[in-house]
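# Structure assessment
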Amino acid sequence: MHTVYKLFAELLLVEIDEVRMNLHTDLDPGSKKIKYILSGDGAGTIFQINDITGDIHAIKRLDREEKAEYTLTAQAVDWETNKPLEPPSEFIIKVQDINDNAPEFLNGPYHATVPEMSILGTSVTNVTATDADDPVYGNSAKLVYSILEGQPYFSIEPETAIIKTALPNMDREAKEEYLVVIQAKDMGGHSGGLSGTTTLTVTLTDVNDNPPKFAQSLYHFSVPEDVVLGTAIGRVKANDQDIGENAQSSYDIIDGDGTALFEITSDAQAQDGIIRLRKPLDFETKKSYTLKVEAANVHIDPRFSGRGPFKDTATVKIVVEDADEPPVFSSPTYLLEVHENAALNSVIGQVTARDPDITSSPIRFSIDRHTDLERQFNINADDGKITLATPLDRELSVWHNITIIATEIRNHSQISRVPVAIKVLDVNDNAPEFASEYEAFLCENGKPGQVIQTVSAMDKDDPKNGHYFLYSLLPEMVNNPNFTIKKNEDNSLSILAKHNGFNRQKQEVYLLPIVISDSGNPPLSSTSTLTIRVCGCSSDGVVQSCNVEAYVLPIGLSMGALIAILACIILLLVIVVLFVTLRRHKNEPLIIKDDEDVRENIIRYDDEGGGEEDTEAFDIATLQNPDGINGFLPRKDIKPDLQFMPRQGLAPVPNGVDVDEFINVRLHEADNDPTAPPYDSIQIYGYEGRGSVAGSLSSLESTTSDSDQNFDYLSDWGPRFKRLGELYSVGESDKET
């Protein structure tokens, strides 16, 4: 078989019949009837074979961009048996490209930026178009780029599609955004080629190429003289055509007669300068000020420094307005000193104040009594002299802090305050005394010259050169035979024994008066008495006993023996207390009950029925104690190992219940109850009801003995008590027998 397989594809559907190829076998067509069959890519769907002639037709339009080649297999077989007449032949159909796809910008539309004032030929961006046609065969995919709109500002490289600036120094402030239309054409840009377009938006970014400029060259502001420090007086603004950080400006006061009184700060949000007051104004001193302010760009681009200084200046005139000001003290604070023994109504000091206004209103002074609650001071309302109203005591309070108020007489709303500190100076008005209550101990076996006690003195006064005390004995005790004193360098005093052989049986306590004098002017003194006790001491001087009664003890009885005896006594007391407590605990009943719940181990019935013959009248519910119907009576002497839930109180049962069954049930509950008494017994009922007209039948409460009672009267109570009377009669006869 020989094959004709060159096929020109991508024709219109109406031209499908012209797309053909022919298969022919070398076998003799007259010997057998031949049939051609076709298999492979697109057989039966895209390609169809004439089984008699072997002609192959394309029944669909071919598209190289979808599939560029097809592999098919053809074979000649017997028409009747379908047996192969020769081996199959494989052939490949390649689809040749034609220019049927226009270029496309897949990422469009595009956006790009370029700094303003850029030089000619500054690269902006590049764009790329794609063509689905075969780039190898012909010029179907060869693209050429051009600008349809956007000249003369931008240009494009025809082959690389790089877009550049076509004009130098484009100004953002003149025009910020440009729209460029770009075309890509295949076939190398020749006529007949297909084309595609896209748009590019170019935005000029800002650079600092414009200086700040004040909107006006002269600003006028007015401010009251009593305005608070830090208050904004006015705002100035320098406009800048740039944006962002390129428009940021800093403001400064570079000249003027108010540079010390005013300051200017920059507002980053509003891009203006705020003039504030730094120091107080005084209309009476100066009524107007002139300032020269400057606005300068913060970020300067050196490329444009030749365009001139990126700053501007303006003049600010500030007029001070007169205001009714409060009085002004001659000093912001006052410090006064006064001796604590100053006489009442004596002048301590003086404060002065004036009205700073031109009208100069008179001033009235007063003391803020919240700072002088004890009213120790007064002030002259006219001249401000402060006098003493009550006596002072430096030992109670060294400082007094008061506030003086100055008020304008013409306008009482205008007031001022000033703190006044008054220091109370010391005078020697307190005598020295012992620093604490001293009590000295003297050993009987002490030696002569031995220091018994060292004492020190204190003085509430505070002399400038410190305290210095003089100690002495009373004149009548200068020749004291037992004790003497010695002044120490640290301003303290030592008391010494003159001899030994002190005996507490003869004299147990000695009183030694000591005179203490200070060094004040005039000096003051006081007498303090030191108590000295004679004590028994050990050989090493340790005090053991200081009372006379200690001598009644045996000489050989030591301190350890005394402690042992005391411990034995305490132990015996503890044993006695425990014994009494256990006895009392043992006598308490095992079952917790009310005082009125008296148990006599006798079942009481609050029912006057007919005994065991009358079962209808008997109500077993009467055996229940209503005081314990909702719980159980716990034991005192035992604690169950497990938590036992108390039984619910039984509801009253109907008449005619089986007593034997009831008792058995209660006995079973008692046997299985871990809180029940640990002895065998039937449930005890200690309640005999309320309000029984028959009273108790118990003999335990009878005032007479059994032998004195006659139970024949029970028969007179009716048939219900007849049986009970017979039982008691039998009991009496048994006793007699």
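Here the residue index of a chain counts from 1 through its sequence in written order. With the structure being a predicted model, the display of local features is reserved for residues of pLDDT at least 70 and the display and counting of side-chain atom pairs for 80 or more, all residues being used for whole-chain, interface and lining totals. Water and hydrogen atoms were dropped before computing side-chain values, which therefore reflect all heavy atoms in the structure.

As a further point, take the overall build of the chain. Scanning the chain from N- to C-terminus turns up three helices and 40 strands. Note on classification: 1.4 Å probe, protein chains only; a residue is buried when its accessible area is under 20% of the maximum for its type, exposed when over 50%, partly exposed between these limits. Looking at the chain as a whole, 34% of its 737 residues qualify as buried. In what follows, residue pairs with any heavy atoms lying within 4.5 Å of each other are defined as contacts. Here the analysis covers contacts within the chain between residues at least 6 apart in sequence; of these, 66% occur between residues at least 24 apart. As presented, the chain carries roughly 44700 Å² of accessible surface, and 53% of it is formed by carbon and sulfur atoms. Think of it this way: any DSSP run of H or I at least four residues long counts as a helix, any run of E at least two long counts as a strand, and we number them from the N terminus. Exposure was quantified through the Shrake-Rupley algorithm and a 1.4 Å probe, taking into account, for residues, occlusion by the shown protein chains and nothing else.

The next thing to look at is the pattern of salt bridges. Once their charged atoms are close, side chains differing in charge can pair, the charge on each being opposite to the other. When a carboxyl oxygen of Asp or Glu lies within 4 Å of a side-chain nitrogen of Lys or Arg, that pair is called a salt bridge. This model, assessed by the stated rule, comprises 14 salt bridges. Note that Arg303 is salt-bridged to Asp301, the shortest N-O span being 2.8 Å. On the basis of relative accessibility, which here comes to 60%, the residue Arg303 falls in the exposed class. Of the residues examined, Asp301 reaches a relative accessible area of 17% and is grouped as buried. Its salt-bridge partner being Asp372, residue Arg369 comes within 2.8 Å of it at the nearest N-O pair. The exposure class of Arg369 is partly exposed, given its relative accessible area of 24%. By relative accessible area, which is 5% here, Asp372 ends up buried. Ionic contacts of the salt-bridge type, sharing partners, join the residues Arg172, Glu173 and Asp206 into one network.

A separate point is the state of the cysteines. Whenever a pair of cysteine sulfur atoms sits within 2.5 Å, that pair is classed as a disulfide. Evaluation of the coordinates by the stated rule reveals two disulfides. Covalent S-S linkage joins Cys443 and Cys537, the inter-sulfur distance amounting to 2.0 Å. Of note, the bridge from Cys443 to Cys537 carries an S-S torsion of about -85 degrees and is left-handed in sense. Here Cys537 lies in strand 39 (residues 525–537) and Cys443 lies in strand 33 (residues 439–443), a separation of 94 residues in the sequence. The exposure class of Cys443 is buried, given its relative accessible area of 10%. A sulfur-sulfur distance of 1.9 Å marks the disulfide that ties Cys535 to Cys546. Between Cys535 and Cys546, the disulfide has an S-S torsion of 105 degrees and is therefore right-handed. Of this pair, Cys535 sits in strand 39 while Cys546 is found in the loop between strand 40 (543–545) and helix 1 (559–587), placing the two residues 11 residues apart along the sequence. Counting its disulfide-bonded cysteines in sequence order, the chain shows a connectivity of 1-3, 2-4.

Another aspect to go through is the packing of aromatic side chains. Between the rings of Phe, Tyr and Trp (Trp by its six-membered ring), a pair exists once the centres lie within 6.5 Å; its type follows the angle of the planes, with under 30 degrees stacked, over 60 edge-to-face, and the other angles tilted. All told, the structure shown has 13 aromatic pairs when counted by the stated rule. Taking the centre distance of 5.7 Å and the plane angle of 75 degrees together, the rings of Phe154 and Tyr178 count as edge-to-face. With a gap of 24 residues between them, Phe154 in strand 11 (residues 154–156) and Tyr178 in strand 13 (residues 177–185) connect regions that are remote in the sequence. Counting every residue linked through ring pairs, the aromatic cluster contains Phe214, Tyr219, Phe221 and Tyr251. Lysine and arginine charges are scored as sitting over a ring when NZ or CZ, respectively, is within 6 Å of the ring centre and within 35 degrees of the ring normal. A cation over an aromatic ring shows up here: Lys33 above the ring of Trp79, its NZ or CZ 4.7 Å from the ring centre. One residue, Lys67, lies across the ring of Tyr70, its end atom 5.6 Å from the ring centre.

Okay, the sheet that holds strand 18 (residues 249–256) next. Across the sheet, which stays open at both edges, the four strands sit in the order 16-22-21-18 with mixed pairing between neighbours. Edge positions in the open sheet fall to strand 16 (218–224) and strand 18, since each of these has one partner strand only. Strand-to-strand twist in this sheet, taken as the mean axis angle between neighbours without regard to direction, amounts to 30 degrees. DSSP-based pairing: two strands are paired if at least 2 bridges between them are found. Bridging between strand 21 (residues 288–297) and strand 22 (residues 311–321) involves nine bridges; their strand directions are antiparallel. By the bridge assignment for strand 22, Lys292 is matched with Thr315. Orientation is described by lines fitted to C-alpha atoms, with helices fitted over the stretch in contact, and by angles between N-to-C directions that extend from 0 to 180 degrees.

With that settled, the discussion passes to the sheet that holds strand 3 (residues 34–40). Strand order in this open sheet of three strands is 3-6-7, and the pairing throughout is antiparallel. In this open sheet, the two strands that pair with only one neighbour each are strand 3 and strand 7 (89–94). Averaged over all adjacent pairs, the angle separating strand axes in this sheet is 30 degrees, with direction ignored. With seven bridges joining them, strand 3 and strand 6 (residues 69–78) adopt antiparallel strand pairing. What sits directly across from Gly40, in strand 6, is Leu72.

Below, the discussion takes up unusual backbone geometry. Omega for the bond connecting Gly108 with Pro109 falls within 30 degrees of zero, at -5 degrees, which places this linkage in the cis form. The topology assignment puts Pro109 in the loop between strand 7 and strand 8 (110–115). In this structure, the amide linkage connecting Gln151 to the following residue, Pro152, adopts the cis form with an omega of 5 degrees. Among the structural elements, Pro152 can be located in the loop between strand 10 (144–149) and strand 11. Residue Met187 is not a glycine yet carries a positive backbone phi of 60 degrees.

pLDDT is a per-residue confidence score from the predictor, ranging from 0 to 100. Per-residue confidence for the chain gives a mean pLDDT of 79, with 77% of residues at or over 70. Predicted confidence for residues 548–556 stays below pLDDT 50, and this span has 10 contacts to residues more than four positions away or in other chains. Low pLDDT (under 50) marks residues 590–600, which in the prediction has 25 contacts with non-local residues, meaning those over four places away or in another chain.

Our focus in this paragraph is the environment of Leu392. Following the sequence through the fold, Leu392 ends up in the loop between strand 29 (385–388) and strand 30 (399–408). Among the residues examined, Leu392 registers a relative accessible area of 8% and is labelled buried. Separated by 32 residues in sequence, Leu392 and Val424 have C-alpha atoms that sit 7.5 Å apart. Setting aside residues up to four positions removed in sequence, Leu392 forms contacts with Val338, His339, Glu340, Gln376, Phe377, His400 and Val424.

Our next topic: the environment of Leu167. Relative to the elements of secondary structure, Leu167 occurs in the loop between strand 12 (162–165) and strand 13. In this structure, the C-alpha to C-alpha distance between Leu167 and Gln151, residues 16 residues apart in sequence, is 9.3 Å. Residue contacts for Leu167: discarding those within four places in its chain leaves Ser118, Leu120, Pro152 and Tyr153.

Like charges are joined within 9 Å and nonpolar side chains (Val, Leu, Ile, Met, Phe, Trp, Tyr) within 5 Å, but only among residues with over 30% relative accessible area and no salt bridge; these make up the patches. Together, Leu566, Ile570, Val574 and Leu578 make up an exposed nonpolar region whose accessible area comes to about 370 Å². For Ile570, the position within the fold is in helix 1.

Another aspect to go through is the nonpolar core. Ranked by internal contacts, the top residues of the largest apolar core, which has 25 residues, are Phe214, Val236, Phe262 and Val316. Elements that contribute at least two residues to this core include exactly strand 16, strand 17 (232–239), strand 18, strand 19 (262–267), strand 20 (272–277), strand 21 and strand 22. Here Phe262 is in contact with Ile233, Ile253, Ile275, Arg276, Leu277, Arg278, Leu281, Tyr289, Leu291 and Ile318, once residues within four sequence places are set aside. By nonpolar core we mean a set of buried residues, namely Ala, Val, Leu, Ile, Met, Phe, Trp, Tyr and Cys, connected to one another through side-chain atoms within 4.5 Å.

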